[in-house]
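The lines below spell out each chain.
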Amino acid sequence: MTLKLITTSDLHLGRKSSGIPENAEQSSSKHTWSNVVKLCIDENVDALILAGDIVDRDNRYFEAIGPLQSGFEELKKAGIVVYMVAGNHDFDVLAQIAGNEKYDNVNLLGAGGIWELKKFSKGNNQIQLAGWSFPKSYIKEDPLFSFNNINIDPNYPAIGILHCDVYDQNSPYAPVNLNNLANKNVNAWILGHIHKPDILKDNNPFIFYPGSPHAFSAKEPGVHGAVLMEIDNNGRINTKTIQLSPVRYESIVVDVTNADDEITLRDKTTMALYDNANAMVDKLENVEFLVYDVHLEGVHSKIKELDKWTASLTDYDGKLDIGTKFLVRKVENFVKPAIENLEELAKQPSPEGLLAETILALQNGNDTEFLNEIKKEWEDNFKKVSGSGTYQPLQNVKNFNKIPDKDAKEYIIKECNRLLAELRMQQQES
Ligand SMILES: [Mn+2]
């Protein structure tokens, strides 16, 4: 016999997906929450496990609480128990709801940042659930330091639930070390905070981020859903991801070399979009909106025109046979000017020569005096912007002040190419 669980995290109730029509009901994550509840009932699971940030801090009460409560009520009617921990976004609000006698099927584990162990049994099966909840927005200490204070019975399977950051040891959101998670006496860790699903260790214990079941931005590409998890009396685990997000973000690269006029270019781009979308049709269950970022690459003699030719792509409104709509959120131009010999050009004592030399240096990972100057200027500007009052509240956010080397390189290459192309075109015109 096995116990059947649905696990998920980071619903951020109250938040909406960007890049799709504002009025689409699917943009809001409460739509996905009702699908999570429906899935629990349809799959006839024994319990739902939520690993924190179920309610978004900036939108709680108004948008979030009603749907959350009605979901809990539906689950109660279906005899489904909820075990959850609070994250940095909902450290206060989940405790309020769990404290409401109406929802006696809902258990908040580890309130106030103190580890808690509860037993759950059904039929011949019994498991233990260990959880810790955020007591405030920022936690810079590793919550596992106090984990040993709970008494896990080695005779029954145990599952740990924690909202934490495994990737960044300096994170202000409960940084934990993967090895420390791995040597605790549980069969599985269900983690929250990171929206991208990830399996960190595939057994003994099984450690994973189920991820957010609802994709919110282009930074969260790929499949997003809930994880159906079965656990038997020996602690053996089986999992299966069920795609639930109504929005899926993807990016594609379109090589525009030889697309010399507007129609050819548009055909090439829309073909690439359809091909890409059709290739993933069997992974688009529940996806209503497929949202693309398009990266133009290759070499072209009319780089400036490319921007004009692709400007209307963001109005694109495609539809697949299965009903999924697909849209273009953004077009980015990384096309290089068609220049026969960059090396030859770089030898010329001219603005063109200097740009060619800079592009080559960046491509080959070398330094030049000019490149160092503009890199420094880019960094100074970056610091000025990130240090400005507007962004003060973000200063605690991880890596905010770190200069992204890759960004600087990409930006400078893009601008050098653009300038070079413009100089070329001016010459052609004159
Ligand atoms: Mn979080």
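Residues numbered from 1 in each chain as written. Predicted model: local features only at pLDDT ≥ 70, side-chain atom pairs only at ≥ 80, totals over all residues. Heavy atoms only, no water.

### Considerations on the sheet that holds strand 2 (residues 47–50)
Line of reasoning, step 1. What the 6 strands build is an open sheet, ordered 4-3-2-1-11-12; its pairing is mixed. For this open sheet the edge positions go to strand 4 (106–108) and strand 12 (237–243), each flanked by a neighbour on one side alone. Averaged over all pairs of adjacent strands, the angle between their axes in this sheet comes to 20°, without regard to strand direction.
Line of reasoning, step 2. As judged from the 3 bridges shared by strand 3 (residues 81–84) and strand 4, these two strands associate in the parallel manner. What sits directly across from Met-84, in strand 4, is Leu-108.
Line of reasoning, step 3. Across the face of the sheet, helix 1 (residues 29–42) comes into contact with strand 1 (2–8), strand 2, strand 11 (225–232) and strand 12 while running at roughly 145° to strand 2.
Line of reasoning, step 4. Sheet strands in contact with helix 2 (residues 65–77) are strand 2, strand 3 and strand 4, and its direction is about 135° off that of strand 3. (Pairing = 2+ DSSP bridges. Helix = DSSP H or I, 4+ residues; strand = E, 2+ residues; numbered from the N terminus. Axes fitted to C-alpha atoms, helices over the stretch in contact; angles between N-to-C directions. Contact = heavy atoms within 4.5 Å.)

### Section: the domain arrangement of the chain
Line of reasoning, step 1. Domain assignment breaks the chain into domain 1 (2–243), domain 2 (248–338) and domain 3 (341–430).
Line of reasoning, step 2. The interface is formed by 12 residues belonging to domain 2 together with 8 residues belonging to domain 3.
Line of reasoning, step 3. In this assembly, domain 2 packs against domain 3 so that about 850 Å² is buried in total across both faces, 59% of it on carbon and sulfur atoms.
Line of reasoning, step 4. Scanning the region where domain 2 abuts domain 3 turns up 0 salt bridges.
Line of reasoning, step 5. There are 0 residue pairs in polar contact (both at pLDDT 80 or more) connecting domain 2 and domain 3.
Line of reasoning, step 6. Of all the secondary structure elements, the ones that give two or more residues to the side of domain 2 that touches domain 3 are helix 6 (303–310), strand 17 (325–333) and strand 18 (336–337).
Line of reasoning, step 7. Per-element accounting of the side of domain 2 that touches domain 3 gives the leading share, 4 residues, to helix 6.
Line of reasoning, step 8. Its residues assigned to classes, the side of domain 2 that touches domain 3 shows 4 nonpolar, 2 polar and 6 charged. (Domains from an automatic or database assignment. Buried area = accessible area lost by both parts, 1.4 Å probe. Salt bridge = Lys/Arg side-chain N within 4 Å of Asp/Glu carboxyl O. Polar contact = N/O pair within 3.5 Å; in protein donor to acceptor, adjacent residues only side chain to side chain. Nonpolar A, V, L, I, M, F, W, Y, C, P; charged D, E, K, R; others polar.)

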